[in-house]
Amino acid sequence: MKSYELKLSELHILIEDVAENFKNGVVILQGDLACGKTTFVKEMAKKLGYGADVTSPTFSLQHCYGDKIFHYDIYNHGLEHFISLGMLEELEKEGLHFVEWGSDELVAILTSAGIDTLTIKIEKISDDMRKYRVEYAYA
Ligand SMILES: Nc1ncnc2c1ncn2[C@@H]1O[C@H](COP(=O)(O)OP(=O)(O)O)[C@@H](O)[C@H]1O
Ligand SMILES: [Mg+2]
């Protein structure tokens, strides 16, 4: 497990690490409201060439940026509902999938389905600093 303490202006350090080491699979973002989950997705999308509108799909199930970047937010759906809507099949699609509020249970389900995951646990250290715990799980 790797860990980073980064200001917003330093977030690119983590972004470059992830962009280099995780090109296909599901990135699970965990952490309280306003810790920086959506910001991480926005910066990753930018790094991968999609600078346009990245917003959390709070009410819709999925946002797509280009045809290889997918963004989900489970908060309003809950894992069971999310799965019952067939979203596991979506997560198997080639590309990078970002799931805000994904649980450890989802990581376990994906691993046993043969899907690589990267879990990022974000914690607010202060108003201008976040801690990121990064754990890769290759299926
Ligand atoms: N590494 C960071 N350091 C400082 N502030 C950050 C960092 N990452 C995000 N933020 C700020 O935290 C706030 C909430 O971010 P957001 O991505 O909307 O959180 P979440 O999606 O977890 O609710 C935003 O104002 C954002 O600029
Ligand atoms: Mg968000």
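The structure we're discussing is the one just above.
Thresholds applied
Residues numbered from 1 in each chain as written. Chains lettered and ligands numbered in written order. Predicted model: local features only at pLDDT ≥ 70, side-chain atom pairs only at ≥ 80, totals over all residues. Near = placed C-beta within 6 Å. Helix = DSSP H or I, 4+ residues; strand = E, 2+ residues; numbered from the N terminus. Nonpolar A, V, L, I, M, F, W, Y, C, P; charged D, E, K, R; others polar. Axes fitted to C-alpha atoms, helices over the stretch in contact; angles between N-to-C directions. Parallel < 35°, antiparallel > 145°, perpendicular 65-115°, else oblique. Left-handed = near helix turned anticlockwise from the far one by under 90°. Contact = placed C-beta atoms within 7 Å. Pairing = 2+ DSSP bridges.

### A word on the site of ligand 1
- Around ligand 1, the structure places 16 residues, and the nearest of them are Gly36, Lys37, Thr38, Thr39 and Arg130.
- Mapped onto the shell around ligand 1, the elements with two or more residues apiece are helix 2 (37-47) and strand 7 (129-137).
- Counting residues per element, the shell around ligand 1 draws most heavily on helix 2, at three residues.
- When its residues are assigned to classes, the shell around ligand 1 shows seven nonpolar, five polar and four charged.

### Remarks on the packing of helix 1 (residues 11-21) against helix 2
- Orientation of helix 1 relative to helix 2, taken along the N-to-C sense of each, is 60 degrees, at an axis distance of 10 Å. In this view, helix 1 runs oblique relative to helix 2, as classed from their interaxial angle. The crossing of helix 1 and helix 2 is right-handed. Across the interface between the two elements, Leu11, Ile15, Val18 and Ala19 from helix 1 touch Glu43, Met44 and Lys47 from helix 2.
- Its residues assigned to classes, the contact of helix 1 with helix 2 comprises five nonpolar, no polar and two charged.

### Describing the sheet that holds strand 1 (residues 2-6)
- Here seven strands make up an open sheet; going across it, the order is 1-7-6-2-5-4-3 and the pairing mixed. Every interior strand has two partners, whereas the edge strands, strand 1 and strand 3 (63-65), have only one. Neighbouring strand axes in the sheet, compared pairwise and without regard to direction, differ in orientation by 20 degrees on average.
- In the sheet, strand 4 (residues 69-73) pairs with strand 5 (residues 96-100) via five bridges, with the strands oriented parallel. Bridged to His71 within strand 5 is Phe98.

### Let's talk about the pairing of strand 6 (residues 117-126)
- When strand 2 (residues 25-30) meets strand 6, the two strands line up parallel, connected through five bridges. In the sheet register, Val26 faces strand 6, and the bridge partner there is Thr117.
- Bridge analysis of strand 6 against strand 7 gives nine bridges, and the strand direction is antiparallel. Each residue of the ladder has a partner; that of Ile122, found in strand 7, is Tyr132.
- The antiparallel hairpin formed by strand 6 and strand 7 contains two residues in its connecting segment.

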